[in-house]
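Each chain is listed here by its residues.
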Amino acid sequence: MEEKKKMDNLTKAKLFYSIELGVFAVVFITIAILKFFDVITFSERYRQWVFPIVTLLGGTWFIIDLIWALNSKKHREKSSLFDKWLIAPASLATIAFDIYLLVNGPLNVDYMIFKTYSASLFVYIGIIYIVQAIYHFKHPLPYLVKEIQKAEEEEEKERLAELEKQTAEENEKEKELD
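Residues numbered from 1 in each chain as written. Predicted model: local features only at pLDDT ≥ 70, side-chain atom pairs only at ≥ 80, totals over all residues. Heavy atoms only, no water.

A. The arrangement of the overall build of the protein chain in detail. When you go through the protein chain residue by residue, the secondary structure sums to 6 helices and 0 strands. Against the globule reference of 16 Å for 178 residues, the protein chain gives a C-alpha radius of gyration of 25 Å, more extended than a compact globule. Expressed along its principal axes, the backbone C-alpha trace of the protein chain runs to roughly 95 × 45 × 30 Å. Residue pairs in contact within the protein chain that sit at least 24 positions apart in sequence constitute 78% of those at least 6 positions apart. Distance from the positive charge centre (22 side chains) to the negative charge centre (26 side chains) of the protein chain: 8 Å. (Helix = DSSP H or I, 4+ residues; strand = E, 2+ residues; numbered from the N terminus. Rg over C-alpha atoms; globule rule 2.2 N^0.38 Å. Contact = heavy atoms within 4.5 Å. Lys, Arg positive; Asp, Glu negative; His and termini not counted. Charge placed at Lys NZ, Arg CZ, Asp CG, Glu CD.)

B. A nonpolar patch on the surface, seen in detail. A cluster of nonpolar residues, Met-7, Leu-15, Ile-19, Val-23, Val-27 and Phe-137, forms a patch on the protein surface that exposes about 490 Å² of accessible area. Counting residues per element, the nonpolar patch draws most heavily on helix H1 (residues 9-36), at 4 residues. Residue Val-27 is classed as partly exposed on the basis of its relative accessible area of 40%. (Patch = residues over 30% accessible without salt bridge, like charges linked within 9 Å, V, L, I, M, F, W, Y side chains within 5 Å. Areas by Shrake-Rupley, 256 points an atom, 1.4 Å probe, with all protein chains shown as cover. Salt bridge = Lys/Arg side-chain N within 4 Å of Asp/Glu carboxyl O. Buried < 20%, exposed > 50% of the residue type's maximum accessible area, 1.4 Å probe, protein only.)

C. Quick peek at the pattern of salt bridges. Inspection of every chain in the model, using the stated rule, returns 4 salt bridges. Note that Lys-115 is salt-bridged to Asp-38, the shortest N-O span being 3.3 Å. Within this pair, whereas Lys-115 is found in helix H5 (residues 111-138), its partner Asp-38 is found in the loop between H1 and helix H2 (44-71), the two being separated by 77 residues in sequence. Judged by relative accessible area, which is 7%, Lys-115 ranks as buried. Glu-147 is the partner of Lys-150 in a salt bridge, and the nearest nitrogen-oxygen pair spans 3.7 Å. Of the two residues, Lys-150 and Glu-147 both sit in helix H6 (residues 142-177), 3 residues apart, roughly one turn of that helix. Taking relative accessible area as the criterion, Lys-150 reaches 46% and is therefore assigned partly exposed.

D. How the structure looks around the side chain of Thr-94. Structurally, Thr-94 is set in helix H4 (residues 81-104). At a separation of 2.8 Å, a polar atom in the side chain of Thr-94 contacts the side chain of Tyr-117. Once residues lying within four places of it in the same chain are set aside, the contact partners of Thr-94 are Thr-55, Tyr-117 and Leu-121. (Polar contact = N/O pair within 3.5 Å; in protein donor to acceptor, adjacent residues only side chain to side chain.)

E. Region of interest: the packing of aromatic side chains. For the structure shown, the criterion picks out 13 aromatic pairs. With 6.5 Å between their ring centres and 80° between their planes, Phe-51 and Phe-97 make a pair best called edge-to-face. Taken together, the residues Phe-51 in helix H2 and Phe-97 in helix H4 connect sequence positions 46 residues apart. Since its relative accessible area comes to 3%, Phe-51 is described here as buried. Given the relative accessible area of 10%, Phe-97 is considered buried. Grouping aromatic residues by their ring pairs yields a cluster made of Tyr-46, Phe-51, Phe-97, Tyr-100, Phe-114 and Tyr-117. The positively charged end of Lys-14 is found above the aromatic ring belonging to Phe-137, 5.1 Å away from the centroid. Here the basic side chain of Arg-47 rests over the ring of Phe-114, its NZ or CZ set 5.5 Å away from the ring centre. (Phe/Tyr/Trp six-rings, centres within 6.5 Å; stacked < 30°, edge-to-face > 60°. Lys NZ or Arg CZ within 6 Å of the ring centre and 35° of its normal.)

F. Representation of the nonpolar core. By size, the foremost hydrophobic cluster in this structure holds 13 residues, and its most contacted members are Phe-51, Ile-87, Phe-97, Leu-101, Phe-114, Tyr-117 and Leu-121. Looking at this core, the elements with two or more residues in it are H4 and H5. For Tyr-117, the contacting residues outside a window of four places in its chain are Phe-51, Ala-90, Ala-93, Thr-94 and Phe-97. (Core = buried A, V, L, I, M, F, W, Y, C linked by side-chain atoms within 4.5 Å.)

G. Region of the structure containing the packing of H2 against H4. Where H2 meets H4, the axes come as close as 8 Å, and the angle between the chain directions of the two elements is 145°. Crossing handedness for the pair H2 and H4: left-handed. Considering only residue class, the contact of H2 with H4 consists of 17 nonpolar, 5 polar and 3 charged. (Axes fitted to C-alpha atoms, helices over the stretch in contact; angles between N-to-C directions. Left-handed = near helix turned anticlockwise from the far one by under 90°. Nonpolar A, V, L, I, M, F, W, Y, C, P; charged D, E, K, R; others polar.)

Read these as spatial facts, not as claims about activity.
What follows is the structure, given as structure tokens:
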């Protein structure tokens, strides 16, 4: 009978991360569809305050994070420039749309434009998550690989310490028997 090969920790982590990203993709695309077909509607407060402010802050943060990653070797080692570049177009478009909303007054912008843009944004983010799920299974995040290696080194140290302890106990028993 053939023995199943045990999956290594890195493959497990990559698989878990890719599945997590896939779940996020499904959630974002589902929300986009529900928004587009008005199953989920937008309240005036949401259109006027929540969407423009949250997305303006989020889009700005993503651009700052991209610039930070490009300029800081330490930050670049912990993150993926691929991910940062994927979200950059959505961030820039969202900042521009938010400025348009805030200049014209969010409630003065045609509801269909608002609904279409926000649903499209959610679809784009869902697609980004799908692309990241595939990409990061083949090319895991640098910090993930580093953390897995640290954990494996710790496990190996603990295993060796336990083995040394057992060997010492066996030697003690042998001395007592002699």
